[in-house]
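These are the residues of each chain, in order.
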Amino acid sequence: MNTKLDVPPTAMSADPPSKPSSATSSTPSDSLTLAELQKQLGASHDGLSQEEAQSRLVHYGRNELPEEKTNVVLKFLSYFWGPIPWMIEIAAVLSAMVNHWADFTIITTLLVVNALIGFWEEFQAGNAIAALKEKLALRAKARRDGAWRNVPAQELVPGDVIRLRIGDIVPADAKLLDGESIHVDQSALTGESLPVTRNVGEDVYSGSVVKQGEIEALVYGTGQNTFFGKTAHLMQGAQAPSHFQRAVLKIGNFLIGVAVALVSLILIVALFRGDPIMTTLQFALVLTVAAVPVALPTVLSVTMAVGAKLLARYQAIVSRLAAIEELAGMDVLCSDKTGTLTQNKLTLGEPFCVNGTAAQAAILSAALASREEDQDAIDLAVIGGLKSPQDRDAYNVVHFQPFDPVGKRTEATVRSPDGSEFKVSKGAPQVILALAANADAVRESVDGAIDEFARRGFRALGVARTDAQGRWQFQGVLPLYDPPRADSKATIEQARQMGAKVKMVTGDQLAIAKETSRELGLGPNILDASLFSDTEHHQAAQLDDEIEKADGFAQVYPEHKYHVVDVLQKRGHVVGMTGDGVNDAPALKKAEAGIAVSGATDAARAAADIVLLSPGLSVITKAMTESRKIFQRMTNYATYRIAETIRVLLFMTLSILVFNFYPVTAVMIVLLALLNDGAIISIAFDRVRYSKKPVVWDMKRVLSLATVLGVAGVIESFGLYYMAEHQVELTWLAWLPSLKDYTTTDAVARDSMIRTLVYLKLSVAGTLTIYVTRTRGRFWTVAPAWPLFLAVSGAQLTATVVASFGIFMAPLPWEWVAVVWAYALAGFLIEDELKLITLRLLEAPHALFTPRRMRRRWAA
C-alpha cells in the first residue's frame, strides 16, 4: 500500500514513542498482520483511554492535512499587483516624472487606501466562510474508555478503534477488525470506478466512502501519514465559476474593452493636438482605472460571504458559494419525504401477523434485526414497540448485517437462551416475501394488509424468521407511521408561490406516497419509479413528459433520483435535490442545488452544495428567499457599474474630443473611483425586494437600463457644464457669485473651478444612482439598509467637503455647491422616472399607453 506511521513497540509504555521522521514513516501496513500492528501501536479491540488519546494527539498532531495559508502581508501586497494597480502605479510614477508631487502623493495614498479596503473586506469574508465550514467538520465513532463516543475526526490518533458504517467517509487510514466484508468507494483516491470489497485485516483509506456494510477498524495512519495525505495534491482543483459569476465577469471584460478603446481615442487626439505627452498619458491611465470595475472581485466575494452567513442563521451551511445563485434560480425541488416533509418520528402500529404468529413475537424478531446504538429511526420505533425490552436482552446477536439501499433489509444471526441459532430479517415487505418459503401461501393476505396500511398512510415493514430447518418463514407486517411536519403544507404552498414546484421523492409504496401527497397538498400525480427500468427506448420521450408533470415519485431507488434530475435539466429546469444517503451523492452532484438534509451521511454532505443542520423544508424556502435577495443585490450592482462607466467615460471622451476641455483632473478621477467603489461595497448588506419567481440573468434588461441611466447622466453633466460656462448670459443664475468674478484675470483658475464643479456633480449624482438601480419601482418603495445609506452619505459628504474647501482642487463657493446638489437631486428624480419608463417598455411596450392609474399600480 502506501506510507504509514512506523510506531515502535515502546508505544505500550506510559510515555509515547518518539515521533517518526518523514523518512522512516513509510512501513506498509499490509506487510504486518493485525496482531503485529496492534502490538506496534500499543492498541487493542477495546480502543484507547481518553487520557492516552489526548497524549497521542499532542504527540502525533491533529488528523488533518496542513493547510497552506497565505501570508497576510503577501495577501495585502497582492492588491498592488495586477493590471488595475499597475495602471494606478504608472500614473503615480508619471506624476513624479513631471514633478506633480501633489498628484503623486494623492494617487499613492488613494492606491493604499483602496488596497486596505479591498483587503479588509475579503479578509472578513474569508473568515466568515471558514467559520461556516467548521460546522461541517467530520465526526467519527471511536471507542474511548470502553465506550463508543462521537469525536471530531481531527482528534483521531493511531491506535483508536473506530466504527465504519454505510455512508461514512473513512476518517483515517485503518485496518479492518473482525466482522463481515464491506464495500468501499475509492474512486476519489485511486480512480477505480466501482466499489471494492475490503475484508478483515485489509486496509481502508482516509477519504474513501463506505458503500455497504458495517465493521470496526484500527486506525494506524492520520493526517499527512495517510494515503489521502500523500496524494491530496493530485485532487486539488478550483471549482468553475457559476453562470452569474461568468455573466458579471463578462460585463467587466466588456467595460474594460470599451474603456481601453475610448481612452485610446482620447490619447490619439490629444497627441495629434500636441498636448503634453506625459500629462496626457497620466490622465489616460487614471481614466481607464475609473472606467473599469475595480471593486468587482471584492463586491462579488463580500456579497456571497454575507449571504452565506445569513443562510447559516437558518441552519443552512453553504459549502459551494456559487450554489447561492443556483438556488435563486431553482424552479423544481425534488424533496425527500422522510425527515424533510415528515417528522421522521416513527410510531409502531398494531402488526398484521400470519400463521398464528403473536404480535409481540413478530416485533421481537424485528427488534433482534435492529441495532439500537445506530440510532436509526426505524430501529428505535421497532425496539420501542416491545412491551418487555428485557426479552430482547436474553438473546445474543452473533452477526448483524446492516441495511443497504440495494438489498433493502437487515439481517441478524441470533443465539437463543437454549443455545440454538436462527436468523431474523426485517425490511421492505416485497423483499422479505421473496425470502420466505411460505410466501405463496401468505402473499394475498400480506398484499391486502400492505394496501390497507398504505391507504391509511402507514409504512409497512416485513418480518421473517428461520425455522428449525433454516427456511425463512414470513411472520407479519409491522405498520409504521411518520406524520407530516406541521409546517410542511404551508411551506410547500410558499415554495409554489415563489415559482418552485416541489416534487416528493420517496422509497415508500405508491399508496403511501399518494396518501402523504394528499395530506401535504402536493397533488395526486405520483409516478411509480419502478416504471423507469421497464420503459422501452421508443417510450422514453413519453416517460420524460410524465416525469416533468409528476407531483412526486414512489418506490424510488438512488439511481432513479439521478435519472429524474437529468430529465428535468434537459427540459430546461434548474433543479434542487435533497438527499441523505451515500447513494444519493450522484444525484446531489448532478443537481444545480444539491441539498443534504439534516442527519445526512458524510458522503451526502460532501457531495452537496448546501447542508441543512435542522430538519424540514422550511429551511430550504428561507434559503431560496435569501438567495434571491443576494442575486438581486448583484444585479443592482451590475446595472449601477455599467451606468457609471458610461456616465464618466462618455462624458470625458466627448468633452475632450468636442470641446478640447479636460473636465476633471487625474486626482479627481482617482478620488471619484475610490469614493464610489467604497460606497458600492456596502450593497452586499442592502435591503432588497426579492423576485417572486425563479431568477434568471436578464442581460437585455441590465444593459438597456444601464445605458439609459448612463446617457441621461452624460446629458445632465453637459447641462451643468453649460450653466457654468454661460452664467452671464443666463439671467436666472444672476443671484449666484460669478465664477469669472473670482478669476477675471486667470482663465486657468476659472477652468479649475469648473472642474471642481463637474467633479462634485459626478460624485454626488453617481452615488445617487445607486438608489435608482436598487429598486424596480419608485426609489422609495424599498428603504435602503443603514450600511448602504451611511456609506453613500459618507461618500457624498466627503466629496462635498473636498470640493467646498478646495482639498486637492480649487475651492468651490458654497452657493455653487448648493446648486450642484439641487441639480443632482433633480437629475436623480428624472432618472428614476426614466427607469420606470424603460422597465415598462422592456416588459410590455403598450404599458406607456395605459391609463395613469394602471401605470402607477404596475410600478408599485
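See above for the structure.
Owing to the predicted nature of the structure, the values given are computational and were not obtained by experimental measurement.

S.K.: Give a description of the overall build of the chain that names residues and reports values.
M.R.: A count of helical and extended segments in the chain gives 32 helices and 24 strands. The buried share among the 860 residues of the chain stands at 54%. Within the chain, contacts between residues separated by at least 24 positions form 71% of all contacts whose residues are at least 6 apart in sequence. Surface accessibility of the chain: about 37,400 Å² in total, with carbon and sulfur atoms responsible for 58%.

S.K.: Can you lay out the side chain of Arg56 for me, pointing to particular residues and giving the numbers?
M.R.: Within the secondary structure layout, Arg56 lies in helix α2 (residues 50-60). Of the residues examined, Arg56 reaches a relative accessible area of 4% and is grouped as buried. Within polar-contact distance, the side chain of Arg56 engages the backbone oxygen of Leu41 at 2.7 Å.

S.K.: A description of the environment of Pro152 should follow, citing residues and the corresponding values.
M.R.: Mapped onto the elements of the fold, Pro152 is located in strand β2 (residues 147-152). For the pair Pro152 and Leu138, spaced 14 residues apart in sequence, the C-alpha separation works out to 6.2 Å. When neighbours within four sequence positions are excluded, Pro152 is seen to be in contact with Leu138 and Arg139.

S.K.: Can you tell me about helix α19 (residues 510-520), naming the residues and giving the values?
M.R.: Where α19 is concerned, the buried positions are Ile512, Ala513, Glu515, Thr516, Ser517 and Leu520. Backbone geometry just after α19 places Gly521 at a positive phi near 75 degrees.

S.K.: Let's hear about the sheet that holds strand β6 (residues 196-198): which residues, and what values?
M.R.: Across a sheet, paired strands are connected by hydrogen bonds in the backbone, their directions being either parallel or antiparallel. Read across the open sheet, the three strands follow the order β6-β5-β8; overall the sheet is antiparallel. Every other strand in the sheet has two partners, leaving β6 and β8 (209-212) as the edge strands with one partner each. Strand-to-strand twist of the sheet, defined as the mean angle between neighbouring strand axes without regard to direction, takes the value 45 degrees. As paired strands, strand β5 (residues 182-185) and β8 are joined by three bridges and run antiparallel to one another. Paired with Val184 across the two strands is Val210, which belongs to β8.

S.K.: Can you break down the packing of aromatic side chains residue by residue, with the values?
M.R.: Under the definition given, this model contains eleven aromatic pairs. When the centroid spacing of 5.6 Å and the interplanar angle of 85 degrees are considered together, the rings of Trp786 and Phe789 count as edge-to-face. Placement of the pair is Trp786 and Phe789 together in helix α30 (residues 786-805), with a separation of three residues, close to one helical turn. According to the relative accessible area criterion, Trp786 is exposed, its value standing at 56%. Each residue in the set Phe651, Phe659, Phe661, Phe718 and Tyr721 is aromatic and connected to the rest through ring pairs, giving one cluster.

S.K.: Give a description of the sheet that holds strand β23 (residues 593-596) that names residues and reports values.
M.R.: Spatial strand order, β10-β24-β23-β22-β11-β19-β21-β20: eight strands in an open sheet with mixed pairing. The open sheet has two edge strands, β10 (316-318) and β20 (526-528), and neither has a second partner. When the angles between neighbouring strand axes are averaged without regard to direction, this sheet yields 20 degrees. Where strand β11 (residues 332-336) meets strand β19 (residues 501-505), five bridges bridge the pair, whose relative direction is parallel. By the bridge assignment, Asp336 is partnered in β19 with Val505. Strands in contact with α19 are β19, β20 and β21 (552-554); relative to β20, the strand with the most contacts, it is inclined by about 165 degrees. Packing against the sheet, helix α21 (residues 540-549) makes contact with β19, β20 and β21, and its axis sits at approximately 110 degrees to β19.

S.K.: How would you explain the pairing of strand β15 (residues 409-415) if you had to name every residue and give the values?
M.R.: For β15, the buried fraction is high: five of the seven residues fall into the buried class. As paired elements, strand β14 (residues 396-401) and β15 share five bridges and run antiparallel to each other. Counterpart to Phe400 in the pairing with β15 is Ala412. Sheet topology note: the β15/strand β16 (residues 421-427) ladder contains seven bridges and is antiparallel. Bridging from a neighbouring strand, Thr413 pairs with Lys423 of β16. Between β15 and β16, which pair antiparallel and follow one another directly, the connecting turn spans five residues, one of which, Gly419, has a positive phi of 95 degrees.

Analysis parameters
Residues numbered from 1 in each chain as written. Predicted model: local features only at pLDDT ≥ 70, side-chain atom pairs only at ≥ 80, totals over all residues. Heavy atoms only, no water. Helix = DSSP H or I, 4+ residues; strand = E, 2+ residues; numbered from the N terminus. Buried < 20%, exposed > 50% of the residue type's maximum accessible area, 1.4 Å probe, protein only. Contact = heavy atoms within 4.5 Å. Areas by Shrake-Rupley, 256 points an atom, 1.4 Å probe, with all protein chains shown as cover. Polar contact = N/O pair within 3.5 Å; in protein donor to acceptor, adjacent residues only side chain to side chain. Pairing = 2+ DSSP bridges. Axes fitted to C-alpha atoms, helices over the stretch in contact; angles between N-to-C directions. Phe/Tyr/Trp six-rings, centres within 6.5 Å; stacked < 30°, edge-to-face > 60°.

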